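Residue-level listing of the chains:
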Amino acid sequence: MTSAAAGNSTLPSIESGTKGWEHVLRMVSVGLIAALVIAGITGLLGVRTASVIGSGNGYEIEVSYASITRPGLATPFEAAVRTLDGSDLPSQVTVRIDAPYLAMFDENGLDPEPSDSFRAGGWTWWTFEIPEGEDELVVSFDVRLEPGVQWGQGGSAAIFDGEAELAIANFRTLVIP
């Protein structure tokens, strides 16, 4: 009676080749999900920082930034300006940053506040008054990445003395989902 019951099954027939591919696809999917969960737990999908230094004409600018970040996360950005020989900075220092790079962020604050700032030609310019005897200016930009930013952006930060560019540092932030 078992042979007659087997012939009258209401289950659709399963081809042997299909079952093997479905199993492989299921295992690959589970493996990818597990890898993402492990990467998230270990912090591999969080913010990664890097630093670049540009120098020239007796000055140096060091930019610490997020090389990898995700939308909505607090993202570090800091620029330090100093002379190469350790002497005092001039009474005014102007820092120029790519405006499209800065547009990726929601600004919470800039410390110290510039004495003058403006935006022109795709650049944001900040001028700082430097107290006598200071040999370093550190500008901290407290920001979080806009939730809608998906790919990232390259940028540069430069030091200016009037019209002359003294030193420049280039960087790039990659945004991962």
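Structural notes, computed from the coordinates. (Residues numbered from 1 in each chain as written. Predicted model: local features only at pLDDT ≥ 70, side-chain atom pairs only at ≥ 80, totals over all residues. Heavy atoms only, no water.)

## Some remarks on the overall build of the chain
So, point 1. Counting its regular elements, the chain contains three helices and eleven strands.
So, point 2. Each of the 177 residues in the chain was classed as buried or not, and the buried ones make up 34%.
So, point 3. Look at the contacts in the chain between residues 6 or more apart in sequence, and 65% of them connect residues 24 or more apart.
So, point 4. For the chain, the computed accessible surface area is about 10700 Å², with 56% contributed by carbon and sulfur atoms. (Helix = DSSP H or I, 4+ residues; strand = E, 2+ residues; numbered from the N terminus. Buried < 20%, exposed > 50% of the residue type's maximum accessible area, 1.4 Å probe, protein only. Contact = heavy atoms within 4.5 Å. Areas by Shrake-Rupley, 256 points an atom, 1.4 Å probe, with all protein chains shown as cover.)

## Description of the pattern of salt bridges
So, point 1. Here the structure, examined in full by the defined rule, presents five salt bridges.
So, point 2. Note that Arg82 is salt-bridged to Glu60, the shortest N-O span being 2.6 Å. On the criterion of sequence distance, the pair formed by Arg82 in strand E4 (residues 77–83) and Glu60 in strand E2 (residues 59–69) is long-range, its members being 22 residues apart.
So, point 3. Close ionic contact of Glu165 with Arg96 constitutes a salt bridge, the shortest N to O distance being 3.4 Å. Of this pair, Glu165 sits in strand E11 (residues 164–175) while Arg96 sits in strand E5 (residues 92–98), placing them 69 residues apart in sequence.
So, point 4. With relative accessibility at 36%, the residue Glu165 sits in the partly exposed group.
So, point 5. The buried category is assigned to Arg96, whose relative accessible area is 10%.
So, point 6. A cluster of three or more residues bridged by salt bridges with shared partners is formed by Glu60, Glu62, Arg82 and Glu136. (Salt bridge = Lys/Arg side-chain N within 4 Å of Asp/Glu carboxyl O.)

## Digging into the environment of Asp111
So, point 1. Relative to the elements of secondary structure, Asp111 occurs in strand E6 (residues 105–111).
So, point 2. Exposure remark for Asp111: the relative accessible area of 53% places this residue in the exposed category.
So, point 3. Here the alpha-carbon distance between Asp111 and Val139, two residues 28 residues apart in the chain, equals 5.7 Å.
So, point 4. Look past the residues within four positions of Asp111 in its chain and what remains in contact with it is Val138, Val139 and Ser140.

## Observations regarding the pairing of E11
So, point 1. With two bridges connecting them, E2 and E11 associate as parallel partners. Bridged to Ile68 within E11 is Leu174.
So, point 2. Between strand E10 (residues 152–161) and E11, which pair antiparallel and follow one another directly, the connecting turn spans two residues, one of which, Gly162, has a positive phi of 70°. (Pairing = 2+ DSSP bridges.)

## Observations regarding the pairing of strand E1 (residues 48–56)
So, point 1. As defined by bridge partners, E1 adjoins E2 across nine bridges and the pair is classed as antiparallel. Residue pairing for E2: Val52 is matched across the bridge by Val63.
So, point 2. Linkage of E1 to E2, two consecutive antiparallel strands, is achieved through a turn of two residues, within which Asn57 is found at a positive phi near 55°.

## Re the packing of aromatic side chains
So, point 1. On inspection of all chains with the given rule, the structure shows nine aromatic pairs.
So, point 2. Geometrically, the ring pair formed by Phe77 and Phe171 is edge-to-face, given 5.7 Å between the ring centres and 65° between the ring planes. With Phe77 in strand E4 and Phe171 in strand E11, this pair connects stretches of sequence that are 94 residues apart.
So, point 3. For Phe77, a relative accessible area of 4% puts it in the buried group.
So, point 4. A ring pair is formed by Phe118 and Trp125, whose centres lie 5.8 Å apart and whose planes are at 5°; its orientation type is stacked.
So, point 5. Given a relative accessible area of 41%, Phe118 falls into the partly exposed group. (Phe/Tyr/Trp six-rings, centres within 6.5 Å; stacked < 30°, edge-to-face > 60°.)

Geometric values such as these leave the question of function open.
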